[in-house]
Amino acid sequence: MPRIHIEPEHYIIPNDLDITNSSYIYGETYPPDIIKCITKTIRDVNECGSFIDIGSGVGKLVCEMSRSFPEMLCHGIEIHKDRYETSVYDLNEEVCNVDFDNICFRKVYFGNYDIIYCCNTVFSKEDNKLLYSKVLNEGSGYVLLYNYDDSLKRYLIASYTITTSWQKNVEIFIFYI
């Protein structure tokens, strides 16, 4: 099983974020598992022009997507400033078409992306409701989530088990909106 290394400082929640909100807890997925899920499900993945990771942390998945699909525009958004700064600092020439923003998902228009990814396991109930609403009202393409409600059920096309930093076998769901 792959080992997912997380620097201890990435768990620290800065004072400018509300520490009572569980949506800021941090964990990592194993990027090759996500890419495998995408390539198994999306037949013409190279025709997808854009990808967004909502809550991109230090940017590992966004950079791996860029390496795997160099023609795809890959975007990561992260509300935690230190994690965002790490993602920007760690960018190198091996990745292209990558962009990171220090912004909340509430301010991002989802209609600009063919593939939307969000590890929403730690989102609050309110954040998840808003996420699902934005996916349904703005999204047009593939959506990868760890939790969903009945509003998305009819769009479910696949589910897989992946490796994460918090558990070996975590189910992820893929929707087509």
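The model shown is predicted, which means the values in this text are computed figures rather than measured ones.

**Q** Could you give me a rundown of the confidence of the model for the protein chain, with the residues and numbers involved?
**A** Mean pLDDT over the protein chain works out to 86, with 82% of the residues at or above the 70 mark. Counting interchain partners and residues more than four positions distant, the pLDDT-below-50 stretch residues 3-13 has 23 contacts.

**Q** Hey, could you go over the side chain of Thr29 for me, with residue numbers and the actual values?
**A** Looking at the secondary structure, you find Thr29 in the segment before helix 1 (31-41). Within the structure, Thr29 has its side chain in polar contact with the side chain of Tyr117 (distance 3.5 Å).

**Q** Now, about the sheet that holds strand 3 (residues 98-101): what can you tell me, with residues and values included?
**A** Taken in spatial order, the 7 strands line up as 3-2-1-4-5-7-6 in an open sheet, and their pairing is mixed. The open sheet terminates on both sides in strands that have one partner only, identified here as strand 3 and strand 6 (156-162). Each neighbouring strand pair of the sheet contributes to a mean axis angle of 15°, computed without reference to strand direction. Relative to strand 4 (residues 115-118), strand 1 (residues 50-54) runs parallel, the two being bridged by 4 bridges. Within the sheet, the bridge partner assigned to Asp53 lies in strand 4 and is Tyr117.

Criteria and cut-off values
Residues numbered from 1 in each chain as written. Predicted model: local features only at pLDDT ≥ 70, side-chain atom pairs only at ≥ 80, totals over all residues. Heavy atoms only, no water. pLDDT = per-residue confidence, 0-100. Contact = heavy atoms within 4.5 Å. Helix = DSSP H or I, 4+ residues; strand = E, 2+ residues; numbered from the N terminus. Polar contact = N/O pair within 3.5 Å; in protein donor to acceptor, adjacent residues only side chain to side chain. Pairing = 2+ DSSP bridges. Axes fitted to C-alpha atoms, helices over the stretch in contact; angles between N-to-C directions.

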